[in-house]
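Analysis of the macromolecular model
For reference, the chains in residue letters:
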Amino acid sequence: LGLCVSRASASVLNLNCCLVLLPMCRVLLAFLRGSQKVASRKTRRLLDKSKTFHVTCGVTICIFSVLHVAAHLVNALNFSENYNEDFPSINAANYRGEVRQLSFYNLLFIPGLTGVIMVLVLFLMCTASTYAIRVSNYDIFWYTHNLFFVFYILLMLHVSGGVLKYQTNLEEHPPGCFNPNKTLRENMTVPKAFEESFPDYTAEPFPEDLSLPEPFVQNNFMRICSEEPKFQSHFPETWFWISGPLCLYCVERLYRYIRSNKPVTITSVISHPSNVLEVRMIKDDFKARPGQYVILHCPRVSALESHPFTLTMCPTDTKATFGVHLKVVGDWTERFRDLLLLHSNQDTEILPIFQQRRYPKLYVDGPFGSPFEESLNYEVSLCVAGGIGVTPFASVLNTLLDGWKCYRLRRLYFIWVCRDIESFRWFADLLCTLRNKLWQENRPDYINIQLYLSQTDGIQKIIGEKYQALNSRLLIGRPQWKLLFDEIAKCNRRKTIGVFCCGPNKISKILHKLSNSSNSYGTRFEYNKESFS
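What counts, and at which threshold
- Along each chain, the written sequence defines residue order, and numbers are assigned to residues from 1.
- With the structure being a predicted model, the display of local features is reserved for residues of pLDDT at least 70 and the display and counting of side-chain atom pairs for 80 or more, all residues being used for whole-chain, interface and lining totals.
- Side-chain calculation: all heavy atoms of the structure are included, whereas hydrogens and water are not.
- Strands pair, by our definition, only if DSSP identifies at least two bridges between them.
- Where helices and strands are cited, they refer to DSSP runs of H or I of at least four residues and of E of at least two residues respectively, numbered from the N terminus.
- To define axes, lines are fitted to C-alpha atoms, for helices over the stretch in contact only, and angles between the resulting N-to-C directions are given on a 0 to 180 degree scale.
- How far a helix is expected to stretch is found by multiplying one less than its residue total by 1.5 Å.
- For every residue, the accessible area obtained with a 1.4 Å probe (protein chains only) is divided by the maximum for its type, and the residue is called buried under 20%, exposed over 50%, and partly exposed between those limits.
- For classification, angles of less than 35 degrees are called roughly parallel, those exceeding 145 degrees roughly antiparallel, those between 65 and 115 degrees roughly perpendicular, and all remaining angles oblique.
- The hand of a helix crossing depends on one turn: near helix anticlockwise from the far one by less than a right angle means left-handed, and clockwise means right-handed.
- Only heavy atoms enter the contact rule, under which two residues are in contact if any of them lie within 4.5 Å.
- The residue classification treats Ala, Val, Leu, Ile, Met, Phe, Trp, Tyr, Cys and Pro as nonpolar and Asp, Glu, Lys and Arg as charged. All others, Gly included, are polar.
- Only buried residues count toward a nonpolar core. Its members are Ala, Val, Leu, Ile, Met, Phe, Trp, Tyr and Cys residues joined through side-chain atoms within 4.5 Å.
- Ring pairs shown here join Phe, Tyr and Trp side chains whose ring centres sit within 6.5 Å, with only the six-membered ring taken for Trp; geometry is labelled stacked below 30 degrees between planes, edge-to-face above 60, and tilted in between.
- UniProt positions are given in the numbering used here, feature names are shortened, and annotations may be inferred rather than shown by experiment.
- We define a salt bridge as a contact between a side-chain nitrogen of Lys or Arg and a carboxyl oxygen of Asp or Glu at a distance within 4 Å.

1. Digging into the sheet that holds strand 4 (residues 276-282)
Across the sheet, which stays open at both edges, the 6 strands sit in the order 3-4-7-6-5-8 with antiparallel pairing between neighbours. Edge positions in the open sheet fall to strand 3 (265-272) and strand 8 (363-368), since each of these has one partner strand only. The sheet shows a mean angle of 35 degrees between the axes of neighbouring strands, taken without regard to direction. Two elements, strand 5 (residues 293-297) and strand 8, share 4 bridges in a ladder whose sense is antiparallel. Bridge assignment links tyrosine 293 to a residue of strand 8, and that residue is phenylalanine 368.

2. Brief notes about helix 1 (residues 2-19)
An α-helix turns once per 3.6 residues; consequently, residues spaced three or four apart project the same way. Across its 18 residues, helix 1 extends 26 Å between first and last C-alpha, which sits within 8% of the 26 Å expected from 1.5 Å per residue. Taken together, the buried positions of helix 1 are occupied by Gly2, Ser6, Ser9, Leu13, Asn14, Asn16, Cys17 and Cys18.

3. A look at the packing of helix 6 (residues 110-128) against helix 9 (residues 148-158)
Helix-helix packing is described using two parameters, namely the angle between the two axes and the distance between the axes. One way to put it is that helix 6 packs onto helix 9 with a least axis distance of 9 Å and a crossing angle of 155 degrees. Judged by the angle between their axes, helix 6 and helix 9 are roughly antiparallel. Judged by the twist between their axes, the crossing of helix 6 over helix 9 is left-handed. Mapping the contact onto sequence places Ile110, Pro111, Thr114, Gly115, Ile117, Met118, Val121, Leu122 and Met125 in helix 6 and Phe148, Phe151, Leu154, Leu155, Leu157 and His158 in helix 9. Of the residues belonging to the contact of helix 6 with helix 9, the class tally is 12 nonpolar, 3 polar and no charged.

4. Quick look at the nonpolar core
Leu400, Phe414, Trp416 and Ile447 are the most contacted members of the largest nonpolar core, which has 37 residues in total. Breaking this core down by element, the ones donating at least two residues are strand 9 (380-386), helix 16 (391-402), strand 10 (411-418), helix 17 (428-440), strand 11 (447-453) and strand 13 (496-502). For tryptophan 416, the contacting residues outside a window of four places in its chain are Ala385, Gly387, Val390, Ser423, Phe424, Trp426, Phe427, Leu431, Gln450, Leu451 and Tyr452. By size, the runner-up hydrophobic cluster in this structure holds 27 residues, among which are Ala288, Leu296, Leu339 and Val364.

5. As for the packing of aromatic side chains
How two aromatic rings sit relative to each other is given by the distance of their centres and the angle of their planes. Inspection of the entire model under this criterion finds 16 aromatic pairs. Taken together, a centroid distance of 4.8 Å and an interplanar angle of 50 degrees make the contact between phenylalanine 485 and phenylalanine 525 tilted. Of the two residues, phenylalanine 485 sits in helix 19 (residues 481-491) while phenylalanine 525 sits in strand 14 (residues 524-529), which places them 40 residues apart along the sequence. The pair phenylalanine 485 / phenylalanine 525 is uniform in exposure class, with both members buried. Taken together, the ring pairs in this structure connect Phe372, Tyr378, Phe393, Phe414, Trp416, Trp426, Phe427 and Phe500 into an aromatic cluster.

6. Some words on the UniProt feature "transmembrane region" (unreviewed entry) in the protein
UniProt's entry tags residues 12-32, 53-74, 104-128 and 140-159 with the feature "transmembrane region" (unreviewed entry), counted in the numbering of this structure. Helix makes up 71% of residues 12-32 and strand 0%, whereas the separation of the span's terminal C-alpha atoms amounts to 27 Å. The straight-line gap between the two end C-alpha atoms of residues 140-159 is 29 Å; of that span, 85% is helix and 0% is strand.

7. Let's talk about the pattern of salt bridges
Under the definition given, this model contains 12 salt bridges. Between aspartate 486 and lysine 482 there is a salt bridge; the shortest N-O distance is 3.0 Å. Of the two residues, aspartate 486 and lysine 482 are both situated in helix 19; the distance of 4 residues between them amounts to about one turn of the helix. A relative accessible area of 27% means that aspartate 486 is categorised as partly exposed. Residue lysine 482 is classed as partly exposed on the basis of its relative accessible area, which comes to 49%. One salt-bridge network, in which partners are shared between bridges, spans Arg256, Arg259 and Asp365.

Written as structure tokens, this is what we have:
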């Protein structure tokens, strides 16, 4: 039983160690998501579950690793107690009853040593991947998760032990055959049929031309073997499972390193209210689609650490500038802000241009795909943002500002929920500009803007002529999601509406539940959620 469980769990581990790398191939996922010919909308929506799929494979690896280790502990006892004296070459133990010595003895070999180290590495990766550690100290999660490369090297070495063996000379020595050149009564029990045919045999070696009686051979009571059995270790199957995905991942990492090797040029840094920083950059041959994200790496902040940020401004045919908004919430973003704003405290009007742009080196990896690329492919889209979660929709709004007629989207519901009034100033100019443009083009119904302020402290600060158009869209409290969905469904009967959310999990769960609920208007809601892979 222990051998069956260990082999079965090993097969499950091979499969999941193969699949767990595929969601991390970001370039491949971005290509599939952006290709209308290769992947349909349903297939692209499945790609949104890449992070969930990766986590599921990781949890499965942890569970079956425990099962695999427990089964091998049972095997250590079984190999010791069931020592085969007839075929010593197939034994893992040195002698019968070598239980305690066997466990210590196997640790000196490659399978045991690599197995123990892999369990320790997997324990570190598993515990550091919990939500509490990722939120409190992302560095721990980042550094321990990069131990996966060590895990895969040990995995390749782990399967090279050759504990299980198979017989290579089945024709010369079929199972159950009789070797006449071995002493019968000392090494094996003589079959009764053999004793009746040769009553005068006294354990002397058989001559080479000896043949058993014809009825004895025909009835398959005994077959003569011509040589001793030979055994060979099984060729490990793990190589077949993980070599392809591992090579694909390594090639992609090399491609990403080459692509992001040249630093970008930071054109401007803007400090917004509520600890939000806007960074605008230029990079040669950089192209991106609305809703995509990039990974920023600043060596002066951290030599190895990097973080994903959604693009709030994408390059177009007329301008090469792209940008991100980042909220200062951790050590990395704090150090990054301090480096960027170091020059902003000086009087930039009297500084030469070359001194104004002495920003730290910044490397950009990407862009990579996200669910919000689909927001322009629906006829009607509902975009819900919570706080800084508005960043994916900012690039969509900027794209619509450049021109909306080339996209399938014909109506956009934009819901933005914030705690303080100052947060709306991040993209207040963009919202006002887009609204005025649509009014001039006689399409005021193209976008429906609703701003919700969950806290009323300091509400008087929003009053101003510059944002008068947004003041009429501001509501106090939280949205009534059920009424909102019913109203949208009533106004868009028998249509498919894309629902996109980037915000707290509480809002996400509510929208997901309402999207799966039926309505009397024949309207179908398809739910999408931001998830960095």
